Amino acid sequence: QVRLVESGGGLVQPGGSLRLSCAASTNDFTKYNMAWFRQAPGKKRELVARLETGGLTNYADSVKGRFTISRDNAKSMVYLQMNTVKPDDTAVYSCYVDDDKWGYWGQGTQVTVSS
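To keep things clear, this report deals only with the structure shown in the data block. (Residues numbered from 1 in each chain as written. Predicted model: local features only at pLDDT ≥ 70, side-chain atom pairs only at ≥ 80, totals over all residues. Heavy atoms only, no water.)

## What about the overall build of the protein?
Piece 1. A count of helical and extended segments in the protein gives zero helices and 11 strands.
Piece 2. Walking the protein from its N terminus toward its C terminus, one meets helices and strands in the order β-β-β-β-β-β-β-β-β-β-β.
Piece 3. Based on the C-alpha atoms only, the size of the protein along its principal axes is roughly 40 × 25 × 25 Å.
Piece 4. Taken across its 115 residues, the protein has 44% of its residues classed as buried.
Piece 5. Put simply, 52% of the contacts in the protein that link residues at least 6 apart link residues at least 24 apart.
Piece 6. With the model as given, the accessible surface of the protein reaches about 6300 Å², and the carbon-plus-sulfur share is 46%.
Piece 7. A distance of 3 Å separates the average location of the 14 positive side-chain charges in the protein from that of its 11 negative side-chain charges. (Helix = DSSP H or I, 4+ residues; strand = E, 2+ residues; numbered from the N terminus. Buried < 20%, exposed > 50% of the residue type's maximum accessible area, 1.4 Å probe, protein only. Contact = heavy atoms within 4.5 Å. Areas by Shrake-Rupley, 256 points an atom, 1.4 Å probe, with all protein chains shown as cover. Lys, Arg positive; Asp, Glu negative; His and termini not counted. Charge placed at Lys NZ, Arg CZ, Asp CG, Glu CD.)

## Section: the state of the cysteines
Piece 1. A full pass over the atoms with the stated rule returns one disulfide.
Piece 2. Disulfide pairing places Cys22 opposite Cys95 at an S-S distance of 2.3 Å. Disulfide Cys22-Cys95: the torsion about the S-S bond is -85°, which places it as left-handed. Of the two residues, Cys22 is situated in strand S3 (residues 18-25) and Cys95 in strand S9 (residues 91-98); the sequence distance between them amounts to 73 residues. Exposure class is identical for Cys22 and Cys95. Each is buried. (Disulfide = S-S within 2.5 Å.)

## Focus on the pairing of S9
Along a regular strand, successive side chains alternate from one face of the sheet to the other.
Piece 1. For S9, a buried count of seven out of eight residues is recorded, marking the element as mostly surrounded by other parts of the structure.
Piece 2. Two strands pair when backbone bridges link them, and strand S4 (residues 33-39) and S9 are joined in this way by seven bridges, in the antiparallel orientation. Bridging from a neighbouring strand, Gln39 pairs with Val92 of S9.
Piece 3. Bridge analysis of S9 against strand S11 (residues 109-113) gives three bridges, and the strand direction is antiparallel. Bridged to Tyr93 within S11 is Thr109.
Piece 4. Bridge count between S9 and strand S10 (residues 103-105): three bridges; the pairing is antiparallel. What sits directly across from Val97, in S10, is Tyr104.
Piece 5. Hairpin remark: S9 followed by S10, antiparallel, with four residues in the connecting loop. (Pairing = 2+ DSSP bridges.)

Without other data, these values stay purely geometric and don't point to any function.
Here you go:
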């Protein structure tokens, strides 16, 4: 069982930046792939960014060049740096980790992009 706790959400103006953090409670952090998902009101949950254990990353087309996923294995942390945010980025952002067998979700953090 892995417990994930996100933080860093809030209100940000269009064009601004925000960094989301996800703390993972596990003694074997390095074996997990990491990802951030988001869900806007009335829309399906979508993958925002994924970082695999081997270093491979992939991003939703809508965030490429603006968002960056990273991890700190020493701290068991995952981050999502969000730059040049847009109103369409407004959503609940959730951290997700998985290995070959199991996947775990965080509770989510709200990001609102508005002037």
